[in-house]
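# Examining the three-dimensional arrangement
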Amino acid sequence: MSKIPNSPTLVSPLEGYAQQVSVAPGEVQDFKISGAEKAIANVELLRLVHGDPRAEGPGYKVEHCDWFKSYGIVLTEQHLPLGSLIEVDGSIDLAEGFTLAVWFFPTLLNRGWQTLAAIGEPGNFSFGLYLAGDSMLTAALSGSGNRAEWCTAHEFVSAEEWHFAAVSYDPKTNKLAVHQALSRSIENAPSNFGGLITTEVDVPFSTIHTSNDPLTFAGSKSGNRHWGHFNGKLSDPVLYRGALTTEQVKQLADGFNPGRIPNLISHWKFDQQVGTTLAVDGVSNRHGRVINAPARAVTGPKWSGPWSGGLAGVPHEYNAIHFHEDDLDDANWKTTLSVELPDTKPGIYAARVWNDVDELFLPFVVRPKRPRVDVCVLVPTLTWQAYSSNRDPARFTDDGALDRALCLYDAHSDGSRVFYSSHRKPHRTGNPKKAIQNWGAHTMVADLYLTDWLEHINISYDLYSDHDLAASNGDLLPAYKVLIIAGHPEYWTCSMRDQLDQYFAQGGRCLYFGGNGLYWVTSIDKMRPHLMEVRKSSAGLYPPFKAEKGNEHHSTTGEFGGTWLERGRSTAGVTGLEYAANLFAAVKDPKGFVRTPESYSTKFAPFFDGIADESIGNFGLNLGTAAAFEMDAVRLQRPGLTILAEASEPGSFSYSPLRPLSHISYMEHPKGGGVFAAGAVTWAGSLSHNNYQNSVSQLTENALKHFLSVPKGEVVIPNSS
């Protein structure tokens, strides 16, 4: 099976990823790279300083890591194993016949072959149950391992409905049967479809070929690859020794307890251990391995509705798995290069891979071995990962190649939401020179605006990824006097929120320069930390997802998804601001932020020293203003919170439960802590304007240096309430 073309101009684009999001000096980073077979490529390591290459700013700036360069690497074309399924290892004795039954909910028909369950591949085939062609349910059985006999069910399969299907074989009568039923009656079905319908054929053998291949659900195996992926949900598969009677099969279709029917071999219970890669067999411990992260903890055929009590209350109603032909957990590519990092300074790094055909950047974070300075920069790598596929206008990297794997902003091929995004997959969204869409920069390029500015004003900083904070045992943030959160810090785990709250409770200080921050409840799989999970609570702006109710609980942690506001932990309780407005295009005559009367109070003089402008940030590299892309604002006034400036572009800002705004504010926290916030993704894009001599740069530098100058425990802004 050849690779799907992903570029109309490049014969074989370079693809790859860095194995780890974050590494420290002394640790090893592996790079996984794919290209045309036996193509030659070169690799160098760079410390990225500024990504935006346009002449209006500092331009593309990097530091070359002289300690690693590699030329003339011979590449191989690595397979991307898209598609989820279950494998059950161990041979199954079918000599006495068998019955396999399963509930299925197809979400995409007319996809060729879709496997519901099968054992074996061509040349070593036992049996299979499939969706095929146009809405057809059919089964195959082989006595030789090669040629198969077929039995096709009478009724059409319909999408978005729960169906019951069973395949059975009786060696005493040589009968192969397919049984089907729908979870509800359809009046215009040809055979009054709603009860059990059985189709039988005679086969010219009595002994089924014994295959040592695994039993698979939702996909078929061919060598070390898989294909024939089912798009939809499976629930409650069972396997019996011998052919059940029609009445026994009808009992299963009617919801009878499978364990009360004799000769049950296995019953896979998809509502158990949903946070693992295990498909639990509750009968004979013939557990399955769930491959490529299909959606777990989703509603099954007996779901009673949103009022049911949810995953925690009625887990048996969430006994389904939603499989997709484009699911991916870990690409698991072979390592092309391994690099042990020397004692190098923290920052955003990348492996640059290039040849005469293409150029690819594989970014990663280098964190310090231990805290070195007073300033901590937290890079929103969970947001990078959430957006890590260039398949729409807001993410395309203008380099002629389309990513094959999905991210949280894509829809599966059946239109359903993507719940999981993997770090270990090839994507091209890490190119610092090509990620300047006309929508505005908001991931790595936006973060480089900040790090470039810090280095320009000679502020030493340690840099960490979201993943580092999520994995911390609580000792990361307390080591620093000032925390900087910038760019687009949209995705936060419960652990990250807890640590930030604790940091502020102990007098922590923060500069928040971002928009749509601390917004979506996010989980990181404990056993697979390269995998993040988000279950959004609305249909979203793009693409037009299918909105399916009831699947709000995360499978990896069990917690309720949606926004942190819905969880009762609004961002406003931390930064004073919350998500309020969008602006995805440059404004011809931007107004920026206009100072409020409160900002002229003497107590805020340390922030505004040297700033005579009433308007702040009506300029910048990122959409031409410091107030754009996604923005946060004060929605609820509270003690210790002061609005210092306000941005509002009439007719330009969109999305808000109230009036679309963006604010600069100061929020007091206990024990000398506080947050200086400028609520816009594009804020940092204005720092370098006019050779760094501007009001945004001055205000940001004033706030940072003031926070650093006031001893811990002392109030940063006296009498600010």
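If you're wondering where the values come from, they're calculated on a predicted model, not measured in any experiment.

If you tally the helices and strands in the protein, you get nine helices and 41 strands. For 721 residues, the compact-globule formula gives about 27 Å, and the C-alpha radius of gyration of the protein, at 29 Å, lands near that figure. With the C-alpha coordinates of the protein rotated into their principal frame, the extents come out at 95 × 60 × 45 Å. Where the 60 positive side-chain charges of the protein centre and where its 77 negative ones centre are 2 Å apart.

With that settled, the discussion passes to the packing of aromatic side chains. Counting across every chain of the model gives 31 aromatic pairs. Residue placement shows arginine 352 over the ring face of tryptophan 354; its charged tip is 4.0 Å from the ring centre.

Here we take up empty space enclosed by the protein. Under the criterion given, the structure shown has six cavities of 30 Å³ or more. Forming the boundary of the largest cavity are 28 residues, of which Pro363, Trp384, Ser388, His427 and Thr429 lie nearest the centre. In the lining of the largest cavity, the residues fall into 13 nonpolar, 13 polar and two charged. Put simply, the second largest cavity is a space of about 140 Å³. Surrounding the second largest cavity, 17 residues form its lining, Asp327, Leu328, His412, Val418 and Tyr420 being those nearest its centre. Sorting elements by how many residues they give to the lining of the second largest cavity places strand β28 (residues 420-422) first, with three residues. Looking at side-chain class alone, the lining of the second largest cavity contains nine nonpolar, four polar and four charged residues.

What follows concerns the nonpolar core. Grouped together as the largest cluster of nonpolar side chains are 67 residues, with contacts concentrated most on Ile484, Phe593, Phe607, Phe676 and Trp683. Considering each element in turn, this core owes the most residues, eight residues, to helix α4 (residues 444-456). Once you skip the residues sitting within four places of it in the chain, isoleucine 484 turns out to touch Val375, Cys376, Val377, Leu378, Leu450, Leu454, Leu511, Phe513 and Leu704. Tyr387, Tyr480, Val634 and Ile643 belong to the second largest nonpolar core, which has 43 residues in total.

Taken together, three strands build an open sheet; the order of strands is β1-β3-β24 and the sheet is antiparallel. Each edge of the open sheet carries a strand with a single partner, namely β1 (15-18) and β24 (337-340). Looking at each pair of strands side by side, their axes are set apart by 15° on average, direction ignored. Pairing analysis gives four bridges linking β1 to strand β3 (residues 28-34), with the strands arranged antiparallel. Of the residues in β3, the one forming a bridge with alanine 18 is phenylalanine 31.

Before going further, it helps to spend a moment on unusual backbone geometry. Look at alanine 218: it is not a glycine, yet its phi comes out positive at around 70°. Located in the positive-phi region is leucine 518, a residue other than glycine, with phi close to 50°. Exposure remark for leucine 518: the relative accessible area of 1% places this residue in the buried category.

Before going further, it helps to spend a moment on the confidence of the model for the protein. On average, residues of the protein carry a pLDDT of 93, and 96% of them reach 70 or more. Low pLDDT, under 50, characterises residues 185-192; the stretch is placed with eight contacts to residues that sit more than four places away or in other chains.

The strand order across the open sheet formed by five strands is β2-β26-β25-β4-β5, and the pairing between neighbours is mixed. Strands at the two margins of the open sheet, each flanked by one partner only, are β2 (22-23) and β5 (61-74). Strand direction decides the pairing type here: strand β25 (residues 347-354) and strand β26 (residues 359-366), joined by eight bridges, are antiparallel. The residue of β26 that forms the bridge with alanine 350 is proline 363. Packing against the sheet, α4 makes contact with β4 (40-50), β5, β25 and β26, and its axis sits at approximately 60° to β4.

This paragraph deals with the pairing of β24. Of the two faces of β24, only one is covered, namely that formed by Leu337 and Val339; the face formed by Ser338 and Glu340 stays uncovered. Two strands pair when backbone bridges link them, and β3 and β24 are joined in this way by four bridges, in the antiparallel orientation. In the strand pairing of β24, aspartate 30 is matched with serine 338.

Here we take up the environment of phenylalanine 68. For phenylalanine 68, the location among the structural elements is in strand β5. Phenylalanine 68 sits in the buried class, given a relative accessible area of 15%. Considering only alpha carbons, one finds phenylalanine 68 and valine 43, 25 residues apart in sequence, at a separation of 8.5 Å.

Glancing now at the side chain of serine 555. By the secondary structure assignment, serine 555 is in the loop between β34 (531-533) and α7 (572-575). Assessed through its relative accessible area of 5%, serine 555 is described here as buried. Residues within four places of serine 555 in sequence aside, it is in contact with Val274, Gly275, Arg296, Ala297, Tyr420, Glu533 and Arg535.

In this structure, asparagine 690 sits in the loop between β41 (674-678) and α9 (695-709). The spatial distance from the C-alpha of asparagine 690 to the C-alpha of phenylalanine 607 is 20 Å, given a sequence separation of 83 residues. From its side chain, asparagine 690 meets the backbone oxygen of glutamine 693 in a polar contact 3.0 Å long.

Together, Trp113, Trp150 and Trp227 make up a nonpolar patch on the protein surface, roughly 320 Å² of accessible area in all. Following the sequence through the fold, tryptophan 227 ends up in strand β17 (residues 225-227). Using a relative accessible area of 31% as the deciding quantity, one classes tryptophan 227 as partly exposed.

Those residues of helix α1 (residues 246-253) that sit buried are Val249, Leu252 and Ala253. Along the axis of α1, the buried residues cluster in a sector spanning 100°; they form a single face. For α1, the secondary structure elements touched by its buried residues are β7 (98-106), β12 (163-170), β13 (175-182) and β18 (232-241). Among the residues trailing α1, glycine 255 stands out with phi positive, at a value near 95°.

This paragraph deals with the pairing of strand β33 (residues 520-524). In terms of burial, β33 is largely enclosed, as five of its five residues are buried. Covered by surrounding structure in β33 are Trp520, Thr522 and Ile524 together with Val521 and Ser523, the residues of both alternating faces. Pairing geometry for strand β31 (residues 491-493) and β33, over three bridges, is parallel. Looking across to β33, one finds that threonine 493 is bridged to threonine 522. The sheet contact formed by β33 and β34 spans two bridges and is antiparallel. Each bridged residue has a counterpart across the sheet, and for serine 523 the counterpart in β34 is glutamate 533. The antiparallel hairpin formed by β33 and β34 contains six residues in its connecting segment.

Within the fold, serine 688 resides in the loop between β41 and α9. For serine 688, the residues in contact, after removing those within four places along its chain, are Pro58, Leu621 and Asn694.

This paragraph deals with the environment of isoleucine 524. Mapping isoleucine 524 onto the fold places it in strand β33. Classification of isoleucine 524 as buried rests on a relative accessible area of 16%. Counting along the chain gives 120 residues from isoleucine 524 to arginine 404, while the straight-line C-alpha distance between them is 23 Å. Look past the residues within four positions of isoleucine 524 in its chain and what remains in contact with it is Leu382, His467, Ala470, Thr493, Pro529 and Leu531.

Cut-offs used in this document
- Residues numbered from 1 in each chain as written.
- Predicted model: local features only at pLDDT ≥ 70, side-chain atom pairs only at ≥ 80, totals over all residues.
- Heavy atoms only, no water.
- Helix = DSSP H or I, 4+ residues; strand = E, 2+ residues; numbered from the N terminus.
- Rg over C-alpha atoms; globule rule 2.2 N^0.38 Å.
- Lys, Arg positive; Asp, Glu negative; His and termini not counted.
- Charge placed at Lys NZ, Arg CZ, Asp CG, Glu CD.
- Phe/Tyr/Trp six-rings, centres within 6.5 Å; stacked < 30°, edge-to-face > 60°.
- Lys NZ or Arg CZ within 6 Å of the ring centre and 35° of its normal.
- 1 Å grid on protein atoms, 1.4 Å probe; cavity = no way out; pocket = protein on both sides within 12 Å on 5 of 7 lines; lining within 4 Å.
- Points joined across faces, edges and corners; volume = space filled by probe spheres on them.
- Nonpolar A, V, L, I, M, F, W, Y, C, P; charged D, E, K, R; others polar.
- Core = buried A, V, L, I, M, F, W, Y, C linked by side-chain atoms within 4.5 Å.
- Buried < 20%, exposed > 50% of the residue type's maximum accessible area, 1.4 Å probe, protein only.
- Contact = heavy atoms within 4.5 Å.
- Pairing = 2+ DSSP bridges.
- Axes fitted to C-alpha atoms, helices over the stretch in contact; angles between N-to-C directions.
- pLDDT = per-residue confidence, 0-100.
- Polar contact = N/O pair within 3.5 Å; in protein donor to acceptor, adjacent residues only side chain to side chain.
- Patch = residues over 30% accessible without salt bridge, like charges linked within 9 Å, V, L, I, M, F, W, Y side chains within 5 Å.
- Areas by Shrake-Rupley, 256 points an atom, 1.4 Å probe, with all protein chains shown as cover.
- Salt bridge = Lys/Arg side-chain N within 4 Å of Asp/Glu carboxyl O.
- Arc of directions from axis to C-beta.

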